[in-house]
Amino acid sequence: MTAGDAAVIVLVSLPHAAAIAGFVWPSRAVTVSLISAATLMAAALVAMHAVAGYGAWRHDVGGWEAPLGIGWTIDGVACALLLLTAAVGLAGSIHHAAARVRPSTAAHDPRYFWPLWLFLWGGLNALFVSADLFNIFVTLEFVTVASVGLIALSGRLAQAAAWRYLLATLFGSSVYLLGVALIYGRVAALDLPFLAQALPADLVGMTAASLVTIGLLLKGAVFPLHFWLPSAHARALPPVSAILSGVVVAAAFYLLARAWLGPFRELLTPAAGTALGLLGAGAVLWGGLLALLQRHLKRMIAYSTVSQLGFCMLLFPLAAAGATQLAWTGAMVVLLAHGLSKAACFLAAGVIVRHHRSGRVDALGGCQQGIGLAWFAFALAAASLVGLPPTGGFVGKWWLAQAAINSGAYPWLALLVAGTLLTAAYLWRVLEAAIRTGPPDEARRPAAIAAHREGAPATPSDRGMMIAALGLALGAVAVGAAAPPLAPVLSSAIGVTW
Amino acid sequence: MSWTELVGGLLVIAGMPFFILGTLGLLRFPDVYTRLHALSKADNVGLGLVCVGLGIQSGSPAMMLKLLLIWVLMLVASATGAGLIARTALARGIRPWSP
Amino acid sequence: MGLVGQVFDALLAIALVWLAWQATRAADLFRAVVSFIVFGLLMAVAWVRLEAPDIALAEAAIGAGATGALLLSALDRLAPRRGRSWARVWRADARTWVLWVPAVMALAGALTAAAWQLPAPGLGAVATGALEQSGVDHAVTAVLLNFRALDTLLEIGVLVLAAVAVWSMGPAPAASAPVMPSPTLPMLGRTLFPVFVLVAAYLLWRGSHAPGGAFPAGAVLGAGGILMLLAGAQPWIRSAEHGPWRAILSAGFAVMLFAAIVGALAGGAFFEYPAAIASHAILVLEVTAGMSIALLLFAVYLRGEPHPAADTDRQRC
Amino acid sequence: MLIYLALASVLFVIGLHGLFTARNLLRRLLSLNVLTTAVFLLLVVIARKATPLDPVPHAMVLTGIVIAVSTTAVALALVERIALRHSPEPEPSASTRPGEEDA
């Protein structure tokens, strides 16, 4: 067993083991979770190092080869997403552990957070390495149940949102499974790299591809199937929103990308690519527009997820037009940068909302004493979301733009520009509100300001939460620096046909 | 056709009318109590005959025992179930039918 | 069997369609739920017709039994029975007939045609070929606990997760007492439970060479537990941290995870059992998987965290 | 076999229809379960069509059934909590229309 194999096994099994420990001994859950979070981060780094050093590899679970057994593919993209999960998971764990210092905010049942959180983490890790369509279904359900549990944990209001999310995503799974059944009936295989060579581009393939795509689009909340996302993501606890918006949604896109550039590569005609790209365009514009119209900070960030995921969807038209490699690395960098910065936004927003005791954007002005760090993290993350150099968002969008130019697909370039402007507009609204001295009607009510001052904390709890957010935001910036040298690693993906 | 198959088949066929009559009672009787009465009694006899018939046809003692076990379990379950339904109906104020 | 079988299949299909329609459309929710339960039972017959006895067992116990009990007890709290007119539920307007019905018929037809064209090569030969090294004689058990054991691990994980999620949503509702207690019911629960254990053990033992195994066994045992609860038995998961029960609930998952890691440490892949002990390992896994499925179904059925305040005198049981 | 394939399609459509038109939460859940059963049926028919009989879809469906009961349990627990808040309304209903935003 190589170090890489060991790291992957740790990544898949440790979260589950820790979750059980947290369930059985709730009093020790925080310690166990923080230690496992750190270990998982280290394991993800080891796996990434192994891929960068020796290239991608396959791990046949149970020792059974492709058509019969389940395979894990550990390649650059999978490792990048494992790292993303580890980063968001670690920051979220720190954030939540720090938030627990003040018991007044515990509107939820704190004993169940850690098991659900770690299960979600483990499910995501199992999903990212899995190369088996049915195993992916099982992990998707795993992630769904964990996410629903976490959303419902966040309070009474969140339960209706959790229900909507559950129904949408379960329907998505059923449709996905129908597609998988058709594929299995056609070629009797479930392994993605195996299917990449075996699946013919006939009617069955097309039907299966559309079913799998619809299922995943629902899970990824891609326009116009995004209806469940904003409430679910906005109502949850900050770390839960962070991992849902940053990673869970990205997982669906990741699977879409692997499926379309793998088994469905033959089906990715310019027409199919354009159709998927138009969904992305709709997401960018509609999500951006709604983000601009939101009054609540967390809802704004949630709609921004819908919008930003649209950029990633540009992978398909650009790959269909021939610029596969550039579009792939670009979309993946956008995905990573978005995951980190969106998680940072939610974690920072958690602190900001707690400080101002309101999530309304127009109430965010006034005294920011003590939470400057949170705003700094938010601004950094916003810079990456918009795509200012030298952040990860910039590099990803730049590569997407280059791919659009190289393949002569100028409409997509225009969309990139328009989406970027929209992103800048809605994020600037928030930052501008923060700079203001305070809402005018509140200026006349000194008591309100006094309340703010009183609540202006610089407690260790807040500092921990803000550092978690800042770490993620810095990570989003660092992706910008790390992406160019790591581009070859990112485009090492088993079973993907360039 | 051996005699076990013949006897077994006859027993199974003999069980059929009980089911039919039980169902007829379910559909035609006037209220819940009389329907339960028809259903649980007739079906239990019918099932017993079918089980015995199948057991004889199978020719293996183990299978016969299993089928008998099924019958006994069904007896217990249907008795309890019918009792529960009748009690609930009574508790909800449904009066037994009187001609 | 040809013609008789065809007629039987057709009748079964018609009944299933009717029940499915009732389950999704019936004006009365109670009727819908009962239709769904009967639907599950008839599906079990369909599975037998399709030569899938393992699935039939699981469907009867889980699909109809456990899900049915869950649905009924939820219904008990959700909807006091109230007559509703058919029209309120099913409002067919012009748009429905012009737009939906043809679209839906086309979709169903296309799906059938597409599925009918499938060559279905299957992995039967490959699985049979690998059966000798798998440690069991029954192919489905081999797939579940050896070839695709990761799926099974995660599936039990989903069940554990569901129990955690359900418990996290709040305290378990108090069991609704029957309006007129029946003397036979508790007796039935008590006398039948050993039978449930017996049947489960039998299914578990059969699983290595014939249809049966951990899933049906666990489901049957879990259904027995639910029946006990319905019959008025007190759930014994009572103390604040639920005593050892949380550990026992997660034991199946933990043992499978442990086996997987041991396989990896022994020099193989994740979940690779050394050939010499494969059959023993699978037996252990089957027993724990079956037990934990039973307990987890039971835990999920409580529909909330069992709370210690309910009766303190039974905490130690 | 064709009968069962047609059955799977019809069940799928019934489930789909129920999911999109039912307003009651519980009914939607039932529809979803019917839908899932249809997919399972397709898988088992595929296993039956193969020679020799293919055990892999059987295992997949067994896994799927256990997952379905888990998700159903979670959904029911959620429905109950939601319904309790909306009581005394007897039948809980929530729309998934995207326009309906609750601030």
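Basis of the calculations
Residues numbered from 1 in each chain as written. Chains lettered and ligands numbered in written order. Predicted model: local features only at pLDDT ≥ 70, side-chain atom pairs only at ≥ 80, totals over all residues. Heavy atoms only, no water. Helix = DSSP H or I, 4+ residues; strand = E, 2+ residues; numbered from the N terminus. Buried < 20%, exposed > 50% of the residue type's maximum accessible area, 1.4 Å probe, protein only. Contact = heavy atoms within 4.5 Å. Areas by Shrake-Rupley, 256 points an atom, 1.4 Å probe, with all protein chains shown as cover. Patch = residues over 30% accessible without salt bridge, like charges linked within 9 Å, V, L, I, M, F, W, Y side chains within 5 Å. Salt bridge = Lys/Arg side-chain N within 4 Å of Asp/Glu carboxyl O. Axes fitted to C-alpha atoms, helices over the stretch in contact; angles between N-to-C directions. Parallel < 35°, antiparallel > 145°, perpendicular 65-115°, else oblique. Left-handed = near helix turned anticlockwise from the far one by under 90°. Nonpolar A, V, L, I, M, F, W, Y, C, P; charged D, E, K, R; others polar. Polar contact = N/O pair within 3.5 Å; in protein donor to acceptor, adjacent residues only side chain to side chain. Buried area = accessible area lost by both parts, 1.4 Å probe. Core = buried A, V, L, I, M, F, W, Y, C linked by side-chain atoms within 4.5 Å. Domains from an automatic or database assignment.

> Which parts of the structure should I look at to understand the overall build of chain D?
Helix and strand counts for chain D stand at three helices and zero strands. Seen in sequence order, chain D has helices and strands lined up from the N terminus as α-α-α. Relative to its 103 residues, chain D shows a buried fraction of 72%. Of the contacts formed within chain D by residues at least 6 apart in sequence, a portion of 62% connects residues at least 24 apart. Split by element, the accessible area of chain D, about 2800 Å² in all, is 60% carbon and sulfur.

> Teacher, can you tell me more about the environment of Ala250(A) here?
Residues and elements named next belong to chain A. Counting through the fold element by element, Ala250 comes out in helix 10 (residues 238–261). On the basis of relative accessibility, which here comes to 1%, the residue Ala250 falls in the buried class. For the pair formed by Ala250 and Leu81, sequence separation is 169 residues and the distance between their alpha carbons is 8.7 Å.

> What is the right way to look at a nonpolar patch on the surface in this model?
Nonpolar side chains collect at one region of the surface, where Trp3(B), Leu6(B), Val7(B) and Leu10(B) lie side by side and expose about 440 Å² of accessible area between them. Position of Val7(B) relative to the elements: it lies in helix 1 (residues 3–28).

> I would appreciate a short explanation of the environment of Pro15(A) in the present structure.
Residue and element names in this part refer to chain A. The topology assignment puts Pro15 in helix 1 (residues 3–24). Judged by relative accessible area, Pro15 falls into the buried class, the value being 0%. With 100 residues separating them in the primary sequence, Pro15 and Pro115 have C-alpha atoms 8.9 Å apart. When sequence neighbours within four positions are dropped, the list of residues in contact with Pro15 reads Val10, Leu40, Leu118, Trp121, Gly122 and Asn125.

> What is the right way to read the pattern of salt bridges from this model?
Pairing is possible between side chains of opposite charge, provided their charged atoms come close. Residues and elements named next belong to chain A. With the rule as written, the count across this model stands at 10 salt bridges over all chains. The partner of Asp191 in a salt bridge is Arg58, with the nearest N and O atoms 2.9 Å apart. With Asp191 in the loop between helix 6 (156–187) and helix 7 (192–198) and Arg58 in strand 1 (residues 57–61), this pair connects stretches of sequence that are 133 residues apart. Residue classification places Asp191 among the buried residues on the basis of a relative accessible area of 1%.

> Just to check I follow, could you spell out the packing of helix 8 (residues 203–219) of chain A against helix 10 of chain A for this structure?
Each pair of packed helices can be described by the angle between their axes along with the distance between the axes. Residue and element names in this part refer to chain A. Contact geometry for helix 8 and helix 10: axes closest at 8 Å, N-to-C directions at 160°. The orientation of helix 8 with respect to helix 10, classified from their angle, is roughly antiparallel. Every pair of crossing elements has a handedness; the one defined by helix 8 and helix 10 is left-handed. Judged by residue contacts, Ala209, Thr213, Leu216, Leu217 and Lys219 of helix 8 engage Ala252, Leu255, Leu256 and Trp260 from helix 10. For the contact of helix 8 with helix 10, the class distribution of residues is seven nonpolar, one polar and one charged.

> Hey, could you run me through unusual backbone geometry in this one?
Trans is the prevailing form of peptide bonds, just as negative phi is the prevailing case for residues other than glycine. Cis geometry is found at the peptide bond from Pro389(A) to Pro390(A), where omega equals 5°. Of note, Pro390(A) is situated in the loop between helix 15 (372–386) and helix 16 (392–406). Residue Pro52(D) is bonded to the preceding Thr51(D) through a cis peptide linkage, with omega at -10°. Along the chain, Pro52(D) falls in the loop between helix 2 (25–49) and helix 3 (55–86). Backbone geometry places Ala221(A), a non-glycine residue, at a positive phi of 55°.

> Got a minute to help me understand the side chain of Ser13(A) in this structure?
As for its placement among the helices and strands, Ser13(A) is situated in helix 1. A polar side-chain atom of Ser13(A) sits 2.4 Å from the main-chain carbonyl oxygen of Ile9(A). The contact partners of Ser13(A), leaving out residues within four places of it in the chain, are Leu257(C), Ile261(C) and Phe270(C).

> Teacher, can you tell me more about the interface of chain D and chain C here?
By a widespread convention, an interface's size corresponds to the accessible area lost as its parts come together. Counting residues at the interface gives 66 residues for chain D and 83 residues for chain C. Taken together, the two surfaces of chain D and chain C that pack against each other cover about 6600 Å², and 78% of this comes from carbon and sulfur. Between the two partners, chain D and chain C, sit one salt bridge. The residue Arg48(D) makes a salt bridge to Glu51(C) at a minimum N-O spacing of 3.0 Å. The tally of links from chain D across to chain C stands at 11 residue pairs in polar contact (both at pLDDT 80 or more). Contributions of two or more residues to the side of chain D that touches chain C are made by helix 1 (2–21), helix 2 and helix 3 of chain D. Top element by residues in the side of chain D that touches chain C is helix 3 of chain D. It accounts for 23 residues. Taken together, the residues of the side of chain D that touches chain C break down into 45 nonpolar, 13 polar and eight charged.

> Please clarify how the nonpolar core should be interpreted in this entry.
Considering soluble globular proteins, one finds that nonpolar side chains tend to be buried as a cluster. Counting residues in each nonpolar core, the largest one holds 362 residues, and the members touching the most others are Trp72(A), Phe253(A), Trp260(A), Leu315(A), Phe378(A), Trp47(C) and Phe271(C). Per-element accounting of this core gives the leading share, 20 residues, to helix 6 of chain A. Composition of this core by domain shows at least three residues from each of domain 1 (1–80) and domain 2 (136–317) of chain C. When residues no more than four places from it in sequence are discounted, the contact partners of Leu315(A) are Phe253(A), Ala257(A), Leu261(A), Ala327(A), Trp328(A) and Ala331(A).

These results come straight from atomic positions and should not be treated as a statement about function.
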